[in-house]
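Each chain is listed here by its residues.
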Amino acid sequence: MATVTSWRGNTEVVTARRTESHDVPGIISLFSPVTEDLFGRIDVTYLLELSNLALTLCNEKNEVIAHAAFLDYPNWNITDQAEWEPFLHENYTNNKCTPLNTLFMHLIVAKEEYAAGCSQEIVRRAFIVLPELQFILLFIPAEERLGFSHSELDMGNVFERMMPVPGSPMERGFTLLVCPRHRCHPQLYVRQARMEDYDDLMLIWTPQSETLKETYGEYLLVDLIEREGEENQAAVCEVGGTAVGFMSLCSHVNVSLFQECFDLGPFHGLCKPHPEDILKMPQKPSIQGDKDESNQTSQKPEPISSQNLEHVPGADAAAVQKDGAVAISQTELPVGDVSNTGSKGSAAPLLETDEEGNLRPMYRGPSNVFRIRLLCIDEKYETRSLDFLHYAFNVFPDRDLCVILVPHHVAEFPLIRSFVRAVPSCTSRLGQELYVFHRMGLLTSFNVRKAATSDLQGVKMLVETLSLNESIWNDSKIFTEACRDSDGMPVQAFVAEVLDQIVGVSVTRDEMDIEYIRSHYNIEDFIHFNHHQQEEHGHLCHFVLNPVFHHYTKYFLKEILRLGHKSSLYYPIYPEYVGHKFQHPCAHSLTSALHYMVPVRPRRQIVYPLQGLGVNAPSEQVSKDQLKYSLNHTNRKLVLESKVCINTRIVVVGASDVGISFLETLIFWPCLKFNNLTLISVHGLPGKDPQSSKYRRFLINSHCFNDEDYAQMSLCSWVNVVVGKMTGINRSAKYVVVSKKKKVPYDYLVLCMGQSYQALAPTGADINEVMSQWPQRYVEKVPSNHFTLNDTQDCLEAAHWLEKNLVSSRGNVIVYGNTIDIYTTVETLLSLGIDGSRIHLVQAPLSSASPCLTDATLERTVGEALSEAGVAVHLDSVLAQWGQSDHGCITWAAFTTAANPFRLQCSAFFSFAYRTLDYETFKAINDACLVFDGRVVIDAKFHTNDASIRAAGPLTKFSRRYFRDELTHGNFNSKEIGFELAASMLSLFDPTPQPSSEPPEGSDRLIPIYRCCKVQGGVLPGGYNYLHISKPGIPMSLDVEHDPCNHGMEIVTGEAGHGNYFRMHFSRYSMVDSITCFSKDPFPVSNYICLYGQHERLLNDLYYRWRAGQLTDLYRPPCCCPGAGHPEENHTKWLSFNCTRH
């Protein structure tokens, strides 16, 4: 906040913030008669789309009283945006403006009486927001054209005139005004701390004492000043002779500990190079399988050479090695490697291995690092914290690296935004984040330009240690030779250089699939599409930048946009399929710029019946079927806007629909970037191999996520994965035990395992007796031909076993259970070629009053299909005994019934009768003393009895104080549960103030209302495609659910036996609350799911057409189909015509 004073003497408290689209009317209202004379005709919305920085000042009533827009090229179209730097040096003398330190003001407007004060404040805020910014330039028409002098402008004297060279054409055309940083927010003077500074420093130390203690530990200021010596240094920054900041430095660093807990390859292990260093080691395969090199490989750009650094004060030639260093990208840890690694320093043996037997780098050289022990600075000047580092490197001239340790829960402050975050090992229990800064990062001669032929050798040296070095080098060569690829598509290559050495390279091309992107991704959450020309959309192919200059990434991207005349960049991440080593040719090298881009949510797509639409079908650019990918994006207005980095360690246990939805919500949340998301799962991330998804037919489908969804999320880019099962929780030390030996630390633990089918123990009774104590878990070793299917991997393994051992033999398959999965499993067995006469469907007693299929008509039709296939069905049977061979296989199984007991030969046994929490998971939860009452007990906000542990999904139940024991998360949509779980936690991390409203009194004693539908879909015996969409809640049979007293209405077309059954039920409010489809032919499931909750009027007056006898088949309604258009625009229109078959 700041106070501005009008020329009348009135004062106004103002707040500066980034300009938003809803500010446009307020900005236009501030235009004065001279605005057009100064800036020309301005389209404010268009200007905001192109602005690198746009700031608005608001008063306490949130009224816009001032606005300014800054771009990285001159206004008035004085010169081409890519050529302004040589133009400026040609026409103006003694200017030090570069693209890195300069922005141009294209518009400034303010409330007339506050114009001077607002101009000063808005320019000051621009310098605060962008620490690298040194000059703000403004071109205005010459005095002869304006009719008045620039000194008469009411801008608070923040600008001064820059004189052109004699004879320059700019003398008569325009006046160039410049505002240097020192006028508004100067750099700080840094010197050695003295005891005389104590009083000044205590004025800022005392208010921050608790924060400082939480961040750095407990220190006394006087001790830090007095302890100065060879190892310890203290510095202060001052303004006007008054100390406003303090930094304590120490050259004693526990390098071995940092090497154990972090991947420090990019910085040579924080040591100086030594001839006996061992850097290369065999790469540990990821748990996701053999990663495709072009998508998930580590980048190893060569650090900047010291040969051209003789002009850098304090540069040590020995500080930078020439044999390459690993450039770590984003949150990609050595996934699945949950072992602790360590280094013994120079006293270690020749080769060291971790407990997994993998070699790791060995560094023999002395320490090359000092650390920041503590930083305390006045909030007014905290964006100038980087000024301390010039002094720090001077007092430690033999050290080239500076590090700072920050606790995970501490918010990222301005200083560490210029540092590189060291990637921690997955099991690092240090409890702090390590940030690293190299001496060379202080260089401001970072220059970006188009690549030339002479740069190819430098590019080759930069990328020579990358797995994709040939691809990057070849694409760079293509640009220098032809500027087009083999398809004739324009290609652009840019290089970043420091002191005439190549430190970065990027290759882009025109984005030719922009219509597909617009229709398949919510790109308009970030841009106003109509304000961008087709040729302004660019596709990022490669991006490599030396990690020393990682903090210049956003400026590299900004220059790519400016020099390439682009307004937006898109970067796709294609999925990797381990089994087939498949990689789309358009998938490019992993970009280290991903941190500065935003992931774009995919759009739900309408499944169009293209043949039926004819000429009304959408264009092929929109409807074409191509490999799905995750899309990342940046544009001019986003490139200088940093995300808030959250280092809190969030560990999710279980890759269930709830867990995936939770992670998806965090990943796509705007303005936040979570660095420490970890998933613990038995089989890793889902969606790794679409070829195995066909075996998912064994189980009913919830339709929360499919392989396309997983590809469009690219969770592997943002989430660390530990493969294994949670076997313990240490709440006091805050870590999870995985597979009984590995430890994964957490700040927040989220339990989303769900319930799973367990091996059911035979009752052990005589088969003529009916036991009442049933079911119970089987505690011995599970027979090798006993299958409990819970996920795609289980289904895949079962299918392979069947194809190898049973399909060509004569044994029986017993499918035992009481859920709808028994039907989908039988149909899958039949599709695998197993004869129906060899399949025995044994139905266990129902665990609830509702049948497997809620519609009795469908139950009868499925029963008839089973009979036709020759499948024997046994009702209400309890597993009593089974026999095993010497090889540990079930050879026979006996069942008891109320009537006739029976015994069956068995070659494979599928059990779906007992679904509960896995025993090892239960034991871990119970031993951790989390409240367990049949399930994990939670409140309405997902809290367990531990404030750091949340739980959600079918493994949970609500506390008894809600008096709704029968209602659990299993009765609701898992995707919605995951979203609400994430939303409940985001308030802990999102600094953006949310509109507050008092919750109704007593709402904390109520269970939340969930509104999304529950979905079940699959293929049932007889080849019937089944879909049931219902409202959330306790399931019940149709005759109860649709009681006439509810005043609802039901529309049914077709017959189950004919394979064209379609039932749609409407509530008393004429809203669709249930849909059942039972068809021999496939149908567009996603379209039908969107019908849930719609009013019948949106379905083209369905009631009227039904009563008029116009509807005989809901799969093929007698109406024309809508014309092609934007999917979201046509959404309601499409619903009104209903959904037709493929």
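Every chain's residues receive numbers from 1 upward, in the order its sequence appears when written. Note on the predicted model: pLDDT of at least 70 is required for a residue's local features to be given, and 80 or more for side-chain atom pairs to be given and counted; whole-chain, interface and lining totals, by contrast, use all residues. Based on all heavy atoms of the structure, the side-chain values leave hydrogens and waters out of the count.

> Explanation requested: helix α14 (residues 456–463) in the structure shown.
Each turn of an α-helix holds 3.6 residues, which means side chains three or four residues apart point in the same direction. Three or more residues of α14 are buried, namely Leu456, Val459, Leu462 and Val463. Seen from one end, α14 has its buried residues packed into an arc of 120°, which puts them on one side. Residue contacts are defined here by distance: any two heavy atoms, one from each residue, within 4.5 Å place the two residues in contact. To qualify as a helix, a DSSP run of H or I must reach at least 4 residues; to qualify as a strand, a run of E must reach at least 2; elements of each kind are numbered from the N terminus. Close packing links the buried residues of α14 with α15 (469–481), β19 (491–498), β20 (501–510) and β21 (537–545). Whether a residue is buried, partly exposed or exposed follows from its accessible area with a 1.4 Å probe, protein chains only, as a fraction of its type maximum: under 20%, in between, or over 50%, in that order. It is the directions from the helix axis to the C-beta atoms whose arc is reported.

> So what exactly am I meant to see when it comes to the sheet that holds strand β30 (residues 726–730) here?
The strands that make up a sheet are held in pairs by hydrogen bonds between backbone atoms, and each pair lies either parallel or antiparallel. The antiparallel open sheet is built from three strands, whose spatial order is β30-β31-β32. Sheet topology places β30 and β32 (742–745) at the edges, where each strand pairs with a single neighbour. When strand polarity is set aside, the average angle formed by the axes of neighbouring strands in this sheet is 25°. One requirement defines pairing of two strands: DSSP has to find at least two bridges between them. Of the strand pairs in this sheet, β30 and strand β31 (residues 735–738) are connected by four bridges, and their pairing is antiparallel. Paired with Gly728 across the bridge in β31 is Val737. Lines fitted to the C-alpha atoms define the axes, with helices restricted to the stretch that makes contact. Angles between their N-to-C directions range from 0 to 180 degrees.

> How should the pattern of salt bridges be read in this particular structure?
Oppositely charged side chains can pair when the atoms bearing their charge come close. A pairing counts as a salt bridge when a side-chain nitrogen of Lys or Arg comes within 4 Å of a carboxyl oxygen of Asp or Glu. Per the counting criterion, the structure on display carries 40 salt bridges. Residue Asp23 is joined to Arg17 by a salt bridge in which the shortest nitrogen-to-oxygen separation is 2.7 Å. Here Arg384 ties to Asp387 by a salt bridge, and the two come within 2.8 Å at their closest N and O atoms. Considered together, Arg384 and Asp387 belong to a single accessibility category, that of buried residues.

> When you look at the packing of aromatic side chains in this model, what are you seeing that I'm missing?
Centre-to-centre distance and the angle between the planes together describe a pair of aromatic rings. The criterion for an aromatic pair is that two Phe, Tyr or Trp rings (for Trp, the six-membered ring) have centres within 6.5 Å, with stacked assigned to planes under 30 degrees apart, edge-to-face to planes over 60 apart and tilted to the rest. Enumeration over the complete set of coordinates arrives at 39 aromatic pairs. For the pair Phe446 and Phe556, a centre-to-centre distance of 6.3 Å together with 75° between the ring planes defines the contact as edge-to-face. Note that Phe446 is positioned in the loop between β17 (432–438) and β18 (447–450) and Phe556 in helix α17 (residues 553–563), a separation of 110 residues in sequence. Phe556 carries the same exposure label as Phe446, and that label is buried. On the numbers, 5.0 Å between centres and 85° between planes, the contact of Tyr757 with Phe912 is edge-to-face. Pair noted here: Tyr757 is in strand β34 (residues 756–757) and Phe912 is in strand β42 (residues 908–912), with a separation of 155 residues, a long-range link. Overall, the relative accessible area of 0% leaves Phe912 in the buried class. Placement of a positive charge over a ring is assigned whenever Lys NZ or Arg CZ falls within 6 Å of the ring centre and within 35 degrees of the normal to the ring plane. Positioned above the aromatic ring of Tyr919, the side-chain terminus of Arg777 is 4.0 Å from the ring centre.

> Even after reading the chapter, I still don't get the side chain of Asn676, so can you show me in this structure?
Positionally, Asn676 belongs in the loop between β27 (672–674) and β28 (677–681). Nitrogen and oxygen atoms within 3.5 Å of one another constitute a polar contact, given that in protein one can donate a hydrogen and the other can accept it, and given that sequence-neighbouring residues count only through two side-chain atoms. There is a polar contact of 2.8 Å between the side chain of Asn676 and the side chain of Arg421. Here Asn676 is in contact with His408, Arg421, Pro424, Glu433, Ile646, Asn647, Thr648, Arg649 and Ile650, once residues within four sequence places are set aside.

> Looking at this structure, I do not really get the sheet that holds strand β48 (residues 1024–1030). What am I missing?
The sheet built from five strands is open, its strands ordered β47-β48-β51-β50-β49 with antiparallel pairing. Looking at the sheet topology across the chains shown, the edges are occupied by β47 (1014–1020) and β49 (1049–1053). Strand-to-strand twist in this sheet, taken as the mean axis angle between neighbours without regard to direction, amounts to 10°.

> Can you walk me through the nonpolar core in this structure?
Generally speaking, soluble globular proteins have nonpolar side chains that are buried together. We call a set of buried Ala, Val, Leu, Ile, Met, Phe, Trp, Tyr and Cys residues a nonpolar core when their side-chain atoms join them within 4.5 Å. Counting residues in hydrophobic clusters, the biggest one holds 160 residues, and the most contacted among them are Ile136, Phe139, Phe446, Phe662 and Leu751. Trp205, Phe419, Tyr435 and Leu442 belong to the second-largest nonpolar core, a separate cluster that totals 44 residues.

> Explain the pairing of strand β33 (residues 748–751) here, please?
Look at any regular strand and the pattern is simple: side chains alternate between the two faces of the sheet. Neither face of β33 is exposed, since Tyr748 and Val750 on one face and Leu749 and Leu751 on the opposite face are all buried. Relative to β33, strand β26 (residues 650–653) runs parallel, the two being bridged by four bridges. Among the inter-strand pairings, Val652 is bridged to a residue of β33, identified as Val750.

> So what exactly am I meant to see when it comes to the state of the cysteines here?
When the sulfur atoms of two cysteines share a covalent bond, that bond is a disulfide. A pair of cysteine sulfur atoms is labelled a disulfide when the two atoms are within 2.5 Å. Scanning all chains against the criterion turns up zero disulfides. With no disulfide of its own, Cys376 lies closest to Cys237 among cysteine sulfurs, the gap being 9.5 Å. What makes Cys376 buried here is its relative accessible area of 1%.

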